[in-house]
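# Descriptive analysis of the structure
The chain contents come next:
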Amino acid sequence: MEAAKACNQHNENQATVLTHQDIFRQIRDQLPRVREQDIPVTLETLPAVKREGNGAVATKTVRKDSALAVDVRLLGAMLGRVIYDHKGEAFFRFIENLRFTAKRTREKDGSVNRQAFGAIVRESLDHLSPEERIQWLDDAAVAFQLFLTLTGIAEGYHQSLQFIQDEKGVYSAVRELQAGGEPLDDLTEVINRMQVRLVATAHPTKILRHIILRHHRGIFHLLSQLHRCGLSEASQQEILDELMEKIEMLWASEFSRWQTPTVIDEARHVLSYFRHTLYHTVVRLDSRLHRSLQSGYGECPLSRISEKPLITFGSWVGSDMDGNPNVNADSFSEILGLQFQTILQLYADELVEMAPKITHSVYRFEPSDVLKASLTQDLDEMVEAGLPLRDFRAGSRREPIRVKLLLMAERLQHTLAYPPLTHVTPEPLFVYHSPKELLADVQLMIDSLTGAGYERSVHLWLETFARKVRIFGFHLAAMDLREDAENISAAADIILAVSHGRDEDMDEADSVSALTAAILSPTVVQPRKLDFMKDKALKLFGEQKGWCTQRLLDMLMVVRQAHEFLGPESSKNLIISMTSSLQDMLSALLLLKTRGLFFQDVDEACVSDMDIVPLFETIDALDRAAAIMDEAFSNEAYRLHLQCRGNQQLILLGYSDSNKDGGYFTSNWLLYKCQQELMAVGEKHGVAVRFFHGRGGNIGRGGAPTHRAVQALPPGSARFGQDLTEQGEVLSRYYNIAEIAQAHLENIYSALLKKNVCPETPARDAWVEAAEWLSAHSFRKYRAFIEHEHFIEYFENVTPHEVELVKIGSRPSKRRQASSIRDLRAIPWVFRWFQSRQIVPGWYGMGTALERFLDENPGNEALLKDMFGRWPFFGSLINNCEITLSQTDLGIARHYMGLAEDQASASAILADIEAEFDLTVRMVRKITGAPLLSKPEDEPLAHSIFLKSPYLDPLNFIQLYLLEDYRDLLERERTADEQITLENYQRAIVSSIEGIAIGLGTSG
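Bear in mind that the values here come from a model prediction, so they are computed numbers and not experimental data.

What follows is about the overall build of the protein chain. For the protein chain, the helix and strand inventory stands at 38 helices and 11 strands. Looking at the protein chain as a whole, 60% of its 1004 residues are labelled buried. Nonlocal contacts in the protein chain, meaning residues at least 24 apart in sequence, comprise 84% of its contacts between residues at least 6 apart. Carbon and sulfur atoms make up 49% of the accessible area of the protein chain, which amounts to about 39200 Å² in all.

As structure tokens, this is what we get:
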């Protein structure tokens, strides 16, 4: 912080350097000013449309003169200049009128009103043709989308700056633990035990193209440069010119994809995060942890910490079969190859870049005999492989380390010439066959330099590179297979029918017995037999099940090949979606056996090459999960598999479907209880249970501030670390920019570190009883809501189903035509509630349950306040509920009700939503004793909501105008010209959807 103050003082002393406020004023003064009298409707005469809680984020808590607010105004002024230059004064005034109106009405009573926006739109659009109106509204949607984008970039910059200045992350975690008297031995034991894996999912890889995210990075770094200390006026102007050009480029660019991405497109998108940020960033976590331990404890702890990576990565992109017919063995194999090519190229590039930095001469450094022999072998292999030696032989006698690094890069490039998953005859020379061989070469140099006393180069360069190889191997990210339990069980049924003549009428107990016997049997079904059994299989199970079976077996064959060529870490999890019984898990194990991934070797020792990972994601499954796993851990065949896998069990918990099935409170409580019960079952059977959290980016799907989410977990549940899904919107939010990625990775790791070290008090019996009571009543209220006879009709009409127009991902957005909420995937379910600002998944049912609980006993209010203050689970639940309540705007949602065909039933449903919202706000405020988001730690979020409202509110109303006209046009016969008009509407609607998603920070 002192450095920042010094920099500010320096800039104040530079008379020629303008402040950001000065620059904002200069740009603003060049543009037409919008005043209240310019607005077609007098704001003071508008009727307030304010609900309890709307506007509860008190604006007086927001620092309007903060550095962030100043930068937001500066970037907004620059965008205004671009809009004025390219669209003219009339359009600029239109945008400013909408923005000014939104700002004034929010400041006045915390609400918005369609009358004001309608008057502005009518005045500006009445003289335009239909085609011009659509273009005008599309441009307006893009303008507000860009305002929100620039606000988000500025927020990211200031958050990362604050992270660095306050030394947050692992530095602050270690300081806190050391100050609390935590012994170094205990701390390093936790570090060595914890495993953290972040998994990129196959859910939306963000609504924006990657080229747009590249522009975002450019603006972030230019803003960072603009804040540098000691800029001259000329340098400042150069940065401003570049910044203006970047903003203009965003205005001129297509934000969304023009076609639905393929599975390969999605994979390339995810790989870009590794190339641009993660490869370079993740290793800094190790360095900062080591430095913080050394600083805090006064000794070098490296010898106490294992070489196991602190964080590794996984991916579902290209291996998640659940509901995606586009995923198959060919695309899976291609993506494994892309990952192999990406990571080896990154290694080679880094070695080439490192070589001129490590130039120890033989006159100052005597290389070890082992290193000399390695250099000779490299050169001989190059000759034998027919590769040019260039000046490597002469250089190796002068600067052996530099040349060894270059030879390693050459060997990697030569390895890339031989695609993975293929047999090459004869065996190629001068290639790396595994990461172990690459690490062995690094170790040669480390030993040689350390022996000569040159440890600084070792620590700075070689050990850092070795850590990357241990993290990424030759696979980059471990690919998890995922498939629906129904398809896995059907595949096992087909195999049993082929091999053992399975009876079609077997009940579940008989199926378990048959599966157990087949798994333990010394015989193995050869998959090729399925070809001549095809007719029988189709007759028994149908064409779709036959296709799914063949796809599963093909995917598992690719896994087997990947283990051979890329290593066992390349793909080690088979995830069973919608797990509901032991039969599902044994079916998966039989498939592994069929493909040679589970077998007895020649010495009759058992080998199992993949973990079977049940996914419990519905209310019923979470309720029964412990019983299912108890049965699995007792089953002879599954127990044998566990012994092969070190008696460790990974269990995936789903947050999305449980929320959709049971509502906010019940979902969270069952997930909490489920973890406790599963840990007890694991302890009973001597199995180490580790959890994989399938969270989304928003609170309705398990998303929450990192430290809060981790602290809310049951005591002991993170003992072995955790796996965590990172969905598309999370990837783009946290991994697009290196500085933000570093803060995110450190926040995750430090939260888990403190969770495992700091003593945790188990929940009191009274708290558990209260949670059970609240869950039951919340669940009853929620189920009555979604089972209302007109609910599906309301959801289909009042929330924009047009989100399906956005080219989000390769997976279909629906399982089938929606007749109940079970037919809707969790992403569009949440996406649509957010778009219409009625964020039901984040609070519905809470208010009713809390009110009834307080009515039960006068002493219950004190109990709830005690739970809020002392039980991290309940405190997190209430705090997260505050966020979604603050983002909800039922004044805006009421205008969406006009989209309903049956106004009477829609009005009744919305009235119920409004009543539950009002009640929930009152109950939450009663428990916290304060307005929503008024705590000091909530100020950044309150600030964000305040800054974004003037840009977000107009977007909702632009979207409403577009949806009304679009749906009307969709329902009637269209001419060729009207078909073009329809497509233009679709483009404009997509722009509005993208903008609202950016403003609220989620696409579902």
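What follows is about the packing of helix α22 (residues 619-634) against helix α25 (residues 664-685). Between α22 and α25, whose axes approach to 8 Å, the crossing angle comes to 5°. Our classification of the angle between α22 and α25 gives roughly parallel. Touching Ile619, Leu622, Asp623, Ala625, Ala626, Met629, Asp630, Phe633 and Ser634 of α22 are Thr666, Ser667, Leu670, Leu671, Cys674, Glu677, Leu678, Val681, Gly682, Lys684 and His685, all from α25. Its residues placed into classes, the contact of α22 with α25 shows 11 nonpolar, five polar and four charged.

Once that is clear, we can look at the packing of helix α29 (residues 765-786) against helix α32 (residues 846-856). Two numbers describe how α29 lies on α32: the axes approach to 8 Å, and their chain directions differ by 130°. In terms of axis orientation, α29 runs oblique to α32. Where α29 crosses over α32, the two elements pack in a sense that is right-handed. For the pair formed by α29 and α32, the contact residues are Ala770, Trp773, Leu774, His777, Ser778 and Lys781 on the first element and Met846, Thr848, Ala849, Leu850, Arg852, Phe853 and Glu856 on the second.

Below, the discussion takes up the layout of surface pockets. Of the pockets and cavities examined, the second largest pocket occupies roughly 1100 Å³. Contributing to the lining of the second largest pocket are 42 residues, with Gln195, Thr312, Pro568, Glu569 and Lys572 lying nearest its centre. Of all elements in the fold, only β1 (195-200), β2 (311-315), α15 (435-451), α16 (455-472), α20 (534-565), β9 (648-654) and β10 (688-694) reach the threshold of two or more residues within the lining of the second largest pocket. Classifying every residue of the lining of the second largest pocket gives 19 nonpolar, 11 polar and 12 charged.

Attention now goes to unusual backbone geometry. A positive phi angle, near 55°, is found at Phe430, a position not held by glycine. Locating Phe430 in the fold gives a position in the loop between α14 (400-416) and α15. Phi at Met578 takes a positive value of approximately 55°, unusual for a residue other than glycine. Mapped onto the secondary structure, Met578 falls in the loop between β5 (573-577) and α21 (582-594). Here Met578 falls in the partly exposed class, since its relative accessible area comes to 26%.

This part takes up the packing of aromatic side chains. Within this structure, the stated rule accounts for 37 aromatic pairs. Between the aromatic rings of Phe340 and Phe474, the centroid separation amounts to 6.1 Å while the plane-to-plane angle is 75°, which identifies the pairing as edge-to-face. Of this pair, Phe340 sits in helix α11 (residues 329-354) while Phe474 sits in the loop between α16 and β3 (478-479), placing them 134 residues apart in sequence. Each member of the pair Phe340 and Phe474 is classed as buried. Summarising the aromatic geometry, the rings of Phe785 and Tyr844 are spaced 4.3 Å apart at their centres and angled 25° between planes, so their arrangement reads as stacked. With a gap of 59 residues between them, Phe785 in helix α29 and Tyr844 in the loop between α31 (826-835) and α32 connect regions that are remote in the sequence. Taking relative accessible area as the criterion, Tyr844 reaches 1% and is therefore assigned buried. Every member of this aromatic cluster is reached through a ring pair, and the members are Tyr782, Phe785, Phe791, Phe795, Trp829, Trp833, Trp843, Tyr844 and Phe917. Over the aromatic face of Phe91 sits the side chain of Lys87, whose NZ or CZ is 5.7 Å from the ring centroid. Here the guanidinium or amino end of Arg411 rests over the ring plane of Tyr432, the centre of that ring lying 5.3 Å away.

What follows deals with the nonpolar core. In this structure, Phe313, Tyr347, Leu405, Phe472 and Tyr749 are the most contacted members of the largest nonpolar core, which totals 156 residues. If you tally residues by element for this core, the top one is helix α10 (residues 263-297), at 14 residues. Ranked by size, the runner-up nonpolar core spans 140 residues in total, among them Val72, Ile839, Leu947 and Leu960.

The subject of this paragraph is the pattern of salt bridges. Overall, the coordinates contain 47 salt bridges when judged by the stated rule. Linking Asp611 and Arg645 is a salt bridge whose minimum nitrogen-to-oxygen distance equals 2.7 Å. Taken together, the residues Asp611 in strand β8 (residues 611-616) and Arg645 in the loop between α23 (636-644) and β9 connect sequence positions 34 residues apart. Judged by relative accessible area, Asp611 falls into the buried class, the value being 17%. Taking the shortest distance from any N to any O, the salt bridge between Arg837 and Asp953 comes out at 3.7 Å. Of this pair, Arg837 sits in the loop between α31 and α32 while Asp953 sits in helix α37 (residues 939-970), and the two are 116 residues apart along the sequence. Both residues of the pair, Arg837 and Asp953, count as buried.

Okay, the side chain of His563 next. Within the secondary structure, His563 is located in helix α20. Among the polar contacts made by the side chain of His563, one reaches the main-chain carbonyl oxygen of Ser571 at a distance of 2.5 Å.

Our next topic: a negative patch on the surface. Together, Glu238, Asp241, Glu242, Glu245 and Glu248 make up a region of like negative charge exposed at the surface. As for its position among the elements, Glu248 is in helix α9 (residues 233-252).

Moving on, we get to the confidence of the model for the protein chain. Looking at the protein chain, the pLDDT average stands at 87 and 88% of residues meet or exceed 70. Every residue in residues 9-15 scores below 50 in pLDDT, and together they form six contacts with partners more than four places removed in sequence or on other chains.

Taking 1.5 Å of rise per residue, 26 residues should cover 38 Å, and α11 covers 37 Å from first to last C-alpha, within 8% of that figure. Among the residues of α11, the N-terminal cap falls to Asn328, whose side-chain oxygen and the backbone nitrogen of Asp330 are separated by 3.0 Å.

As a further point, take the sheet that holds β1. Within the open sheet, the nine strands sit side by side as β3-β2-β1-β11-β10-β9-β8-β5-β4. Their pairing is parallel. One side of each edge strand has no neighbouring strand; the edge strands of this open sheet are β3 and β4 (481-484). Judged from the six bridges that link them, β1 and strand β11 (residues 721-726) form a sheet pairing that is parallel. Looking at the pairing, Arg197 lines up with Asp723 of β11. Against the sheet, α10 engages β1 and β2, with an angle of about 165° to β2.

So, about the side chain of Thr277. Secondary-structure assignment places Thr277 in helix α10. Those residues in contact with Thr277, other than ones at most four positions away along the chain, are Tyr735, Asn736, Ile737 and Ala738.

This brings us to the pairing of β9. The buried fraction of β9 is high, at six of seven residues. Here two bridges tie β8 to β9, and the two strands are oriented parallel to one another. Bridging across to β9, Phe616 finds its partner in Leu653. Pairing of β9 with β10 involves seven bridges; the strand directions are parallel. The residue of β10 that forms the bridge with Gln648 is Ala688.

To continue, consider the pairing of β2. The buried fraction of β2 amounts to four of the five residues, a majority that puts the element mostly inside the structure. Direction of pairing for β1 relative to β2: parallel, over a ladder of five bridges. Bridged to Ala200 within β2 is Ser315. Sheet topology places β2 next to β3; two bridges connect them, and they run parallel. Within β3, the residue paired with Gly314 across the bridge is Ala478.

Moving on, we get to the environment of Val559. Within the secondary structure layout, Val559 lies in helix α20. Judged by relative accessible area, which is 0%, Val559 ranks as buried.

The rules behind each value
Residues numbered from 1 in each chain as written. Predicted model: local features only at pLDDT ≥ 70, side-chain atom pairs only at ≥ 80, totals over all residues. Heavy atoms only, no water. Helix = DSSP H or I, 4+ residues; strand = E, 2+ residues; numbered from the N terminus. Buried < 20%, exposed > 50% of the residue type's maximum accessible area, 1.4 Å probe, protein only. Contact = heavy atoms within 4.5 Å. Areas by Shrake-Rupley, 256 points an atom, 1.4 Å probe, with all protein chains shown as cover. Axes fitted to C-alpha atoms, helices over the stretch in contact; angles between N-to-C directions. Parallel < 35°, antiparallel > 145°, perpendicular 65-115°, else oblique. Nonpolar A, V, L, I, M, F, W, Y, C, P; charged D, E, K, R; others polar. Left-handed = near helix turned anticlockwise from the far one by under 90°. 1 Å grid on protein atoms, 1.4 Å probe; cavity = no way out; pocket = protein on both sides within 12 Å on 5 of 7 lines; lining within 4 Å. Points joined across faces, edges and corners; volume = space filled by probe spheres on them. Phe/Tyr/Trp six-rings, centres within 6.5 Å; stacked < 30°, edge-to-face > 60°. Lys NZ or Arg CZ within 6 Å of the ring centre and 35° of its normal. Core = buried A, V, L, I, M, F, W, Y, C linked by side-chain atoms within 4.5 Å. Salt bridge = Lys/Arg side-chain N within 4 Å of Asp/Glu carboxyl O. Polar contact = N/O pair within 3.5 Å; in protein donor to acceptor, adjacent residues only side chain to side chain. Patch = residues over 30% accessible without salt bridge, like charges linked within 9 Å, V, L, I, M, F, W, Y side chains within 5 Å. Lys, Arg positive; Asp, Glu negative; His and termini not counted. Charge placed at Lys NZ, Arg CZ, Asp CG, Glu CD. pLDDT = per-residue confidence, 0-100. Expected span 1.5 Å × (residues − 1). Pairing = 2+ DSSP bridges.

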